[in-house]
Amino acid sequence: MMQSEQINELAAALAKAQGTMENAAKNKSNPHFKSTYADLAAVLDAIRAPLSNSGLSTVQTMAIAERCIILRTTLLHSSGQFIATEYPISAGLKPQEMGSAITYGRRYSLAALVGIAQDDDDANAAAKTSPPVTTLSKISPQEAADLLNLINSKETSAELVCKHFKFASLADITTDKLATITTAINAKPDRAPLAEAAE
């Protein structure tokens, strides 16, 4: 980052501007990633008036460097104070790719420099519609021991029970399946009840 020797007036003005800024609204969609984003115009719309009302403005320029183009974004204050950042863009891109890369760099550099973000409407929507994640607890060591005693008394095997109910071991059985498994073991000593219950 580059800056003038003093930035006290700029800092005070930016703090005032940020108090009235809102995040850039996502107004474009990217079908490839099934996402939305705020384009350069939306970022400019979000920052232009608050900056201007506080004596601030932005300038974005480009310069040729070795194997890349440097995009410089400068935040200026009416006092002459400034801060600036630089963003490198590959010089080996095709013209259309270059235009997209410059636009991408401009909007992210502007947003970062003035301290705004893009409203994440996709995440907000997902948070409202996604069902809560439930973690199932496993049976206690005592419940596992009691289950093993029941299995042995019915002349079946722990291996058979775990295989039918798709658990690696008795200790991995979850509490929501314990009653079903116990009922299946008590029904008959053969495989049929276990297979039916597992389905």
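My aim in this report is to walk through the structure given alongside it, one point at a time. Remember, predicted model here, so these are calculated numbers, not experimental data.

Helix α7 (residues 175-187) packs onto helix α5 (residues 141-153) with a crossing angle of 15° between their chain directions and a minimal axis gap of 10 Å. Between α5 and α7, the angle is such that the two are roughly parallel. As α5 packs across α7, the resulting crossing turns out to be left-handed. Facing α5, whose interface residues are E143, L147, L150 and I151, α7 presents L178, I181, T182, I185 and N186. Per-class residue counts for the contact of α5 with α7 are six nonpolar, two polar and one charged.

Note that A11 resides in helix α1 (residues 8-18). Taking the relative accessible area as the measure of exposure, A11 reaches 39% and is therefore partly exposed. Put simply, A11 and I83 are 72 residues apart on the chain and 9.7 Å apart in space, counted from C-alpha to C-alpha.

Moving on, we get to the pairing of strand β6 (residues 82-90). Pairing of strand β1 (residues 2-3) with β6 involves two bridges; the strand directions are antiparallel. Among the inter-strand pairings, M2 is bridged to a residue of β6, identified as A84. With nine bridges connecting them, strand β5 (residues 68-77) and β6 associate as antiparallel partners. Across the sheet, residue L75 finds its bridge partner in β6, namely I83. In sequence, β5 turns back onto β6 through a hairpin of four residues, with G80 there showing a positive phi of about 100°.

Here we come to the packing of aromatic side chains. By the definition in use, this model includes one aromatic pair. Seen in terms of ring centroids, Y104 and Y108 are 4.6 Å apart; in terms of plane orientation they differ by 35°. Their pairing is tilted. In this pair, Y104 and Y108 both sit in helix α3 (residues 95-114), four residues apart, roughly one turn of the helix.

What follows covers α5. Helical geometry: 3.6 residues make up each α-helical turn, so side chains three or four residues apart lie on a common side. Relative to the 18 Å expected for 13 residues at 1.5 Å per residue, α5 spans 18 Å between its end C-alpha atoms, a close match to the ideal helical length. Of all the residues in α5, the buried ones are A144, L147, L150 and I151. Across the axial projection of α5, the buried residues extend over an arc of 120°, all falling on one side. Summarising the geometry of α5, the exposed residues directed more than 90 degrees from the buried face are P141, Q142, N149 and S153. Taken together, the buried residues of α5 touch α6 (158-165) and α7. Positive phi appears at E155, one or two residues downstream of α5, with a value of about 55°.

Scoring rules and cut-offs
- Residues numbered from 1 in each chain as written.
- Predicted model: local features only at pLDDT ≥ 70, side-chain atom pairs only at ≥ 80, totals over all residues.
- Heavy atoms only, no water.
- Axes fitted to C-alpha atoms, helices over the stretch in contact; angles between N-to-C directions.
- Helix = DSSP H or I, 4+ residues; strand = E, 2+ residues; numbered from the N terminus.
- Parallel < 35°, antiparallel > 145°, perpendicular 65-115°, else oblique.
- Left-handed = near helix turned anticlockwise from the far one by under 90°.
- Contact = heavy atoms within 4.5 Å.
- Nonpolar A, V, L, I, M, F, W, Y, C, P; charged D, E, K, R; others polar.
- Buried < 20%, exposed > 50% of the residue type's maximum accessible area, 1.4 Å probe, protein only.
- Pairing = 2+ DSSP bridges.
- Phe/Tyr/Trp six-rings, centres within 6.5 Å; stacked < 30°, edge-to-face > 60°.
- Expected span 1.5 Å × (residues − 1).
- Arc of directions from axis to C-beta.

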